[in-house]
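A structural walkthrough
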Amino acid sequence: MSAETPAGNPAARGQITHWRLRFRVWRGGRPFWAGLFILLAGFPIAYFPYANLQIGHLTLAMATTAGAGSLIIGVLLGVLGISLWYQKHVRVFAGVAAILLGLVSIPVSNLGGFLIGFLLALVGGGMAVAWVPGEESTARRTETDRTDKGDVPQAAPADGASEPNDLSGTSPTNGANGRHSAG
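Figured I'd write up the structure that's included with this text. These figures come from a predicted structure and were not determined experimentally.

Attention now goes to helix H6 (residues 116-130). In a regular helix each residue adds 1.5 Å, so 15 residues correspond to 21 Å; H6 covers 21 Å between its end C-alpha atoms and thus fits that length. If you check which residues of H6 are buried, you get Gly117, Phe118, Ala121, Gly124, Gly125 and Ala128. Across the axial projection of H6, the buried residues extend over an arc of 140°, all falling on one side. For H6, the secondary structure elements touched by its buried residues are helix H2 (32-47), helix H3 (67-86), helix H4 (91-108) and helix H5 (110-114).

And the structure:
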């Protein structure tokens, strides 16, 4: 190996390791595999209705009458897969939508892309619905939580009362119960 190749350059190896670790952290904070399965489910569903199979000199067209419908289903599955990567709070919606689109693809798109896209959509949708974000580590939580600091002032009770002064006018200690007079 020469010094010009990335494998021989320790700085390049360190940079590759750095980017690999950053990708691992990014991937761990979102439903990455669910998004990948849903994204991959869109390809066979959208491709097979437009594909032609060549057997020698014989061309077999697998086109269906609902080719546009299968293309729309495939594109929607791709969008749902990518949205799971970048907006993890839509995981339940995207998972349920992927499952429903996979089920709809059975009659519309050659048995859901010959069951390949259908099964990928079901598995990815189930993974998206089941995924929950992990809890923060205690070290990171204590760094961001300011209530445990001693220099944070506490709300002082009003007029020596045991409850803080509520300026909204709805506190029973202020004599109001949430009703306001109109005149």
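So much for the structure itself; the text now carries on.
A full pass over the atoms with the stated rule returns eight aromatic pairs. Here Trp26 and Phe32 contribute two aromatic rings whose centre-to-centre distance is 6.1 Å and whose plane-to-plane angle is 70°, an arrangement assigned as edge-to-face. Taking the relative accessible area as the measure of exposure, Trp26 reaches 25% and is therefore partly exposed. Its relative accessible area of 10% is what places Phe32 among the buried residues. With a centroid separation of 5.1 Å and an interplanar angle of 80°, the aromatic rings of Phe32 and Trp33 are classed as edge-to-face.

The subject of this paragraph is the pairing of strand S1 (residues 52-55). Bridge analysis of S1 against strand S2 (residues 58-61) gives four bridges, and the strand direction is antiparallel. Bridge pairing links Ile55 to Leu58 in S2.

Let us look at the environment of Leu111. On the secondary structure map, Leu111 appears in helix H5. Under the relative-accessibility criterion, Leu111 is labelled partly exposed at 49%. On a C-alpha basis, the gap between Leu111 and Phe48 in space is 10.0 Å, while along the polypeptide they are 63 residues apart. Ignoring anything within four residues of it in the chain, the contact list for Leu111 reads Ser105, Ile106 and Phe118.

Across soluble globular proteins, nonpolar side chains have a tendency to be buried as a group. Counting residues in hydrophobic clusters, the biggest one holds 14 residues, and the most contacted among them are Ile38, Ile73, Leu77, Leu80, Leu84, Ala98 and Leu101. Residue assignment for this core shows that the elements contributing at least two residues are H2, H3, H4 and H6. Residues in contact with Ile73, not counting those within four places in the same chain, are Ile45, Leu101, Val104, Ser105 and Val108.

Even without being a glycine, Asn110 presents a positive backbone phi close to 45°. As for its position among the elements, Asn110 is in helix H5. What makes Asn110 buried here is its relative accessible area of 16%. Although it is not a glycine, Leu115 sits at a positive phi angle of roughly 70°. Structurally, Leu115 is set in the loop between H5 and H6.

Together, Val92, Val96, Leu100, Leu103 and Val129 give the surface a local cluster of nonpolar side chains, amounting to about 390 Å² of exposed area. It is H4 that contributes the most residues to the nonpolar patch, four residues altogether. Following the sequence through the fold, Val92 ends up in helix H4.

Definitions and limits used
Residues numbered from 1 in each chain as written. Predicted model: local features only at pLDDT ≥ 70, side-chain atom pairs only at ≥ 80, totals over all residues. Heavy atoms only, no water. Helix = DSSP H or I, 4+ residues; strand = E, 2+ residues; numbered from the N terminus. Expected span 1.5 Å × (residues − 1). Buried < 20%, exposed > 50% of the residue type's maximum accessible area, 1.4 Å probe, protein only. Arc of directions from axis to C-beta. Contact = heavy atoms within 4.5 Å. Phe/Tyr/Trp six-rings, centres within 6.5 Å; stacked < 30°, edge-to-face > 60°. Pairing = 2+ DSSP bridges. Core = buried A, V, L, I, M, F, W, Y, C linked by side-chain atoms within 4.5 Å. Patch = residues over 30% accessible without salt bridge, like charges linked within 9 Å, V, L, I, M, F, W, Y side chains within 5 Å. Areas by Shrake-Rupley, 256 points an atom, 1.4 Å probe, with all protein chains shown as cover. Salt bridge = Lys/Arg side-chain N within 4 Å of Asp/Glu carboxyl O.

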